[in-house]
Amino acid sequence: IFCSDNGGTGKKELGSDNGPLRGKKGQIYEGGHRVAGVFNWPGKIAPAVSDETALTFDFMPTFAELAGVKPEAALDGVSLAGLFFDGKGLKERPLMWMTGPKMAYREGDWKVLLQGKQTELFNLADDVGETKDLSKSDAKRTQRMTNTKEDSVT
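Notes on the structure follow.

**Quick look at the pattern of salt bridges**
1) Next: Applying the stated criterion across every chain, the model contains 8 salt bridges.
2) Next: For Glu30, the salt bridge is made with Lys111, and the minimal N-O distance between the two is 2.7 Å. Of this pair, Glu30 sits in the loop between β1 (2-3) and β2 (37-38) while Lys111 sits in strand β5 (residues 110-115); the two residues are 81 residues apart in sequence, bridging distant segments of the chain. Taken individually, Glu30 and Lys111 each receive the classification buried, so the pair is uniform in this respect.
3) Next: A salt bridge links Lys111 to Glu130; the shortest N-O distance between them is 2.9 Å. Placement of Lys111 in strand β5 and of Glu130 in the loop between β6 (118-123) and α3 (139-153) is noted, with a sequence separation of 19 residues between them.
4) Next: Residue classification places Lys111 among the buried residues on the basis of a relative accessible area of 0%.
5) Next: Taking the relative accessible area as the measure of exposure, Glu130 reaches 0% and is therefore buried.
6) Next: Three or more residues are tied together by salt bridges with common partners; here these are Glu30, Arg34, Arg106, Lys111 and Glu130.

So, in structure tokens, the structure goes:
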């Protein structure tokens, strides 16, 4: 397994280019956390490319399943075994992460960002670079996602 836990610095002179993604390491924009992952297990995982959204906390449920171990406690994340061995897509699930007081909440292609008093909404399918804030034009979705996010924190 090879992957990073954060996006690059965004400094081309340091060999880091997050384009077309907005943001850099430590930010909640896609460029701050979206990275490639490489999983190599000769004879077990067939070479393939996937655009599924997986997270590092999916590793432990995957390792447990591969080892045939049933964890005693609930684990965050989902097993990636079906994706690796059968090409099955992952079930859609809400995702949330924080960096200090900044928070992002994602449902499918929709992502709401809370940064202090600023709230932004993006549709990543249409705008992977997070350039068009839809929070005002889609205020209902923004409010619903913000309320959903708050419910999942408490």
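**Remarks on a nonpolar patch on the surface**
1) Next: Nonpolar side chains collect at one region of the surface, where Ile1, Trp41, Met60, Phe63, Leu66, Leu75 and Phe85 lie side by side and expose about 650 Å² of accessible area between them.
2) Next: Summarising the element assignment, Met60 is placed in helix α1 (residues 59-67).

Rules and cut-offs
Residues numbered from 1 in each chain as written. Predicted model: local features only at pLDDT ≥ 70, side-chain atom pairs only at ≥ 80, totals over all residues. Heavy atoms only, no water. Salt bridge = Lys/Arg side-chain N within 4 Å of Asp/Glu carboxyl O. Helix = DSSP H or I, 4+ residues; strand = E, 2+ residues; numbered from the N terminus. Buried < 20%, exposed > 50% of the residue type's maximum accessible area, 1.4 Å probe, protein only. Patch = residues over 30% accessible without salt bridge, like charges linked within 9 Å, V, L, I, M, F, W, Y side chains within 5 Å. Areas by Shrake-Rupley, 256 points an atom, 1.4 Å probe, with all protein chains shown as cover.

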